[in-house]
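Spelled out, the chains give:
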Amino acid sequence: MKVFSLPLLLVALSLASGCQPKWLRLDGSSADEARLEKAKKTCRVDRKLAALERAREERDDDMAKSSTNEAKMLIKEDFDAVERQVYKEIDICMHGEGYKRPS
């Protein structure tokens, strides 16, 4: 089973990275790739998303260790709040750099 888990993980990660939202300029025009990468670096988007993924893994571990549904729901609610905050920080910074997520 462990032989299949690593390739499955790699496929899942590649799909997840391909599903990241595309960014548009605030006026709705397409983003210039070089400027977009600079804005993402300024906003530390990759670092924040990597930290969020680590938090997601910790959440999964904590939920697996939880013995009650109430404890699992509290863990889930805490993570959901963290996730919303991370995306809010990214969106605010990227807006300041002149980008927005498509609607």
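The notes below deal with the structure included here.

**A short note on helix 4 (residues 69–96)**
In a regular helix each residue adds 1.5 Å, so 28 residues correspond to 40 Å; helix 4 covers 41 Å between its end C-alpha atoms and thus fits that length. Where helix 4 ends, the next residue or the one after it, Gly98, has phi of about 100 degrees, a positive value.

**Description of the packing of helix 3 (residues 45–65) against helix 4**
Pairs of packed helices are described in terms of their axes, by the angle between the two and the distance that separates them. At a closest axis distance of 10 Å, the pairing of helix 3 and helix 4 adopts a crossing angle of 175 degrees. When the interaxial angle is binned, helix 3 and helix 4 end up roughly antiparallel. Two secondary-structure elements touch here, helix 3 through Val45, Lys48, Leu49, Leu52, Ala55, Arg56, Arg59, Asp62 and Met63 and helix 4 through Lys72, Ile75, Phe79, Glu83, Val86, Tyr87, Glu89, Ile90 and Met94. Of the residues contributing to the contact of helix 3 with helix 4, the split by class is eleven nonpolar, no polar and seven charged.

**Comments concerning the nonpolar core**
Formed by Trp23, Leu36, Ala39, Cys43, Val45, Leu49, Leu52, Phe79, Val86, Ile90, Met94 and Tyr99, the largest nonpolar core amounts to twelve residues. Residue assignment for this core shows that the elements contributing at least two residues are helix 2 (33–42), helix 3 and helix 4. Those residues in contact with Trp23 that lie beyond four places of it in its chain are Ala31, Leu36, Lys40, Ile90, Asp91, Met94, Tyr99, Lys100 and Arg101.

**Concerning the environment of Ser66**
Structurally, Ser66 is set in the loop between helix 3 and helix 4. Sequence-distant contacts of Ser66, defined by excluding residues within four places in its chain, comprise Ala71, Lys72 and Ile75.

**What to know about the packing of aromatic side chains**
Two descriptors summarise a pair of aromatic rings, namely the distance from one centre to the other and the angle between the planes of the rings. Counted by the stated rule, this structure contains zero aromatic pairs. Sitting above the plane of the Tyr99 ring, Arg25 keeps its charged end 4.7 Å from the centroid. Its end group placed over the ring of Phe79, Arg59 keeps NZ or CZ at 4.6 Å from the ring centre.

**Some remarks on helix 3**
Each turn of an α-helix holds 3.6 residues, which means side chains three or four residues apart point in the same direction. Spanning 21 residues, helix 3 covers 30 Å between terminal C-alpha atoms, matching the ideal 30 Å at 1.5 Å per step. Val45, Leu49, Leu52 and Arg59 are the residues of helix 3 that are buried. Down the axis of helix 3, the buried set is contained in an arc of 65 degrees. They therefore lie on one face. Every exposed residue of helix 3 that faces more than 90 degrees away from the buried side is listed here: Arg47, Glu58, Ala64 and Lys65.

Rules used in this analysis
Residues numbered from 1 in each chain as written. Predicted model: local features only at pLDDT ≥ 70, side-chain atom pairs only at ≥ 80, totals over all residues. Heavy atoms only, no water. Helix = DSSP H or I, 4+ residues; strand = E, 2+ residues; numbered from the N terminus. Expected span 1.5 Å × (residues − 1). Axes fitted to C-alpha atoms, helices over the stretch in contact; angles between N-to-C directions. Parallel < 35°, antiparallel > 145°, perpendicular 65-115°, else oblique. Contact = heavy atoms within 4.5 Å. Nonpolar A, V, L, I, M, F, W, Y, C, P; charged D, E, K, R; others polar. Core = buried A, V, L, I, M, F, W, Y, C linked by side-chain atoms within 4.5 Å. Buried < 20%, exposed > 50% of the residue type's maximum accessible area, 1.4 Å probe, protein only. Phe/Tyr/Trp six-rings, centres within 6.5 Å; stacked < 30°, edge-to-face > 60°. Lys NZ or Arg CZ within 6 Å of the ring centre and 35° of its normal. Arc of directions from axis to C-beta.

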